[in-house]
Amino acid sequence: QAAWCVLPSRVLLVLTSQKGIQMYESDGSIMVYWHALDVTEHHPAQAVFARGIAAAGGRFVCVGTSSGLVLVFDIPPKGTNITVSEVLEQHHDAITDIAAELGQAPDGAGDLVTADDAGTLCVWSTGEQFSLLGKIPGFGWSCSSVKLWNGIVAAGFGNGQIRLHEAATGVLRAEVNAHARWIYALDLAPCAGKLLSGAEDSFVHVWKLSRNPDTDDVEIQHCHAECVTDTQVCGARFCDPEGNSFAVTGYDLSEIFRYGRA
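Source: prediction; values computed, not measured.

A. Broad picture of the sheet that holds strand S22 (residues 245-250). Strand order in this open sheet of three strands is S21-S22-S23, and the pairing throughout is antiparallel. The sheet is open, and its two borders are formed by strand S21 (233-238) and strand S23 (257-260), each paired with just one other strand. In this sheet, adjacent strand axes meet at a mean angle of 20° when their direction is disregarded. With five bridges connecting them, S21 and S22 associate as antiparallel partners. Among the inter-strand pairings, Arg237 is bridged to a residue of S22, identified as Ala247.

B. Summary view of the UniProt feature "repeat: WD" (unreviewed entry) in the protein. Look at the UniProt record and you will see "repeat: WD" (unreviewed entry) annotated at residues 176-217. Across residues 176-217 one finds 0% helix and 57% strand; the C-alpha atoms that close the span lie 15 Å apart.

C. Up close: the nonpolar core. Among the nonpolar cores identified, the biggest contains 19 residues, and Val14, Ile21, Met23, Val61, Phe73, Ile75 and Ile82 are the most heavily contacted of them. Contributions of two or more residues to this core are made by strand S2 (11-16), strand S3 (20-25), strand S4 (31-36), strand S5 (50-56), strand S6 (60-65) and strand S7 (70-74). The element best represented in this core is S5, accounting for three residues. Excluding residues that lie within four positions of it along the chain, Ile75 makes contacts with Leu7, Arg10, Leu12, Met23, Arg59, Phe60, Val61 and Ile82. Core analysis: the second largest hydrophobic core is formed by 16 residues, Trp149, Val176, Ala178 and Ile183 among them.

D. Inspection of the environment of Leu12 at higher detail. Turning to its location among the elements, Leu12 is positioned in strand S2. The class of Leu12 is buried, set by a relative accessible area of 0%. Considered as a pair, Leu12 and Tyr251 are 239 residues apart in the sequence and their alpha carbons are 26 Å apart. Apart from residues lying up to four places away in sequence, Leu12 is in contact with Ala3, Trp4, Cys5, Met23, Tyr24, Glu25, Val32, Ile75 and Ile82.

E. Main features of the environment of His205. Position of His205 relative to the elements: it lies in strand S19 (residues 203-211). Since its relative accessible area comes to 11%, His205 is described here as buried. In sequence terms His205 and Cys122 are 83 residues apart; their C-alpha atoms lie 26 Å from each other.

F. Inspection of the side chain of Glu101 at higher detail. One can find Glu101 in the loop between strand S9 (95-100) and strand S10 (112-116). Summary of buried charges: Glu101 has no salt-bridge partner, and the nearest side chain of opposite charge, Arg211, is 8.1 Å away. Aside from chain neighbours lying at most four places away, what touches Glu101 is Gly110, Asp111, Leu148, Trp149, Asn150 and Gly151.

G. Quick look at the pattern of salt bridges. One pass over the full model with this rule turns up 11 salt bridges. Between Arg59 and Asp74 there is a salt bridge, with its nearest N and O atoms 2.5 Å apart. Note that Arg59 is positioned in the loop between S5 and S6 and Asp74 in strand S7, a separation of 15 residues in sequence. Measuring nitrogen to oxygen at the nearest pair gives 2.8 Å for the salt bridge that ties Arg211 to Glu166. Placement of the pair is Arg211 in strand S19 and Glu166 in strand S15 (residues 161-166), with a sequence separation of 45 residues. Here the residues in one salt-bridge network are Glu166, Arg173, Arg211, Asp216 and Asp217, joined through shared partners.

H. The pairing of strand S11 (residues 121-125), seen in detail. Extensive coverage of S11 is indicated by the burial of four of its five residues. One ladder, built from four bridges, connects S10 with S11; its direction is antiparallel. Its bridge partner lying in S11, Leu112 is registered against Trp124. The hairpin formed by S10 and S11 contains four residues between the paired strands, and Gly119 there has a positive phi angle of roughly 90°. For S11 and strand S12 (residues 131-136), the ladder comprises five bridges, and the chain directions are antiparallel. Opposite Leu121, over in S12, you have Ile136 as the bridge partner. The antiparallel hairpin formed by S11 and S12 contains five residues in its connecting segment.

I. Spotlight on the side chain of Thr65. By secondary structure assignment, the location of Thr65 is in strand S6. When its relative accessible area of 6% is taken as the criterion, Thr65 is described as buried. When near neighbours in sequence (up to four residues on either side) are disregarded, Thr65 contacts Leu37, Phe49, Ala50, Arg51, Leu71, Ala94 and Ile95.

Parameters and conventions
Residues numbered from 1 in each chain as written. Predicted model: local features only at pLDDT ≥ 70, side-chain atom pairs only at ≥ 80, totals over all residues. Heavy atoms only, no water. Pairing = 2+ DSSP bridges. Helix = DSSP H or I, 4+ residues; strand = E, 2+ residues; numbered from the N terminus. Axes fitted to C-alpha atoms, helices over the stretch in contact; angles between N-to-C directions. UniProt positions renumbered as here; feature names shortened; annotations may be inferred. Core = buried A, V, L, I, M, F, W, Y, C linked by side-chain atoms within 4.5 Å. Buried < 20%, exposed > 50% of the residue type's maximum accessible area, 1.4 Å probe, protein only. Contact = heavy atoms within 4.5 Å. Lys, Arg positive; Asp, Glu negative; His and termini not counted. Salt bridge = Lys/Arg side-chain N within 4 Å of Asp/Glu carboxyl O.

See below:
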């Protein structure tokens, strides 16, 4: 995986692989940090990799591993003196995705969520010490992608479902049978509360998330569907914070398709 981690003082390009974790200056010109994964700790038949990347708490970058650990890296304002400040040990399965709060979290809602191969979600409050606020158990399907917006956890699963939970309590607020196949990508446009989902069924959907001002219920509305013919969609991202355009790619594709308003 690859992700730009935007911190107040700097932007890093973070790459994960079976070998380890690499951090570069945002233009990719200089590698400022390399963290090797310890293969000797794993069973020979078990794959070793890092997956799930998120900037958190203003000065940290969190990266998940196949052993279920989440590594918290303390990033200085400049230079290469990056250190592992904490290791989060709440997951028993490989980490699949990590997301930081993209909006304004309600009091007590936490600002980081981690997901694993068993579908378990952990909600954290970041700071000098990360604290676990809640654990949302899985239901038999891997959680392939997760987002966090205004205290709402949006999670995509291997059975094609999107589930919305309250970050503060873990309560399930909505459940949508969004796709016929495995969801591989979720993205969120924070300015508009739009959610993008892409899956193996060749479809990309745009949804609108909101809270009812009278009841505080979480609501989800379908806005748009796009079929990428004969393509198992494996990557989908909005191109702007308002969600006016998005880009999609699929397995064995060398192209990226961009969709925008006519």
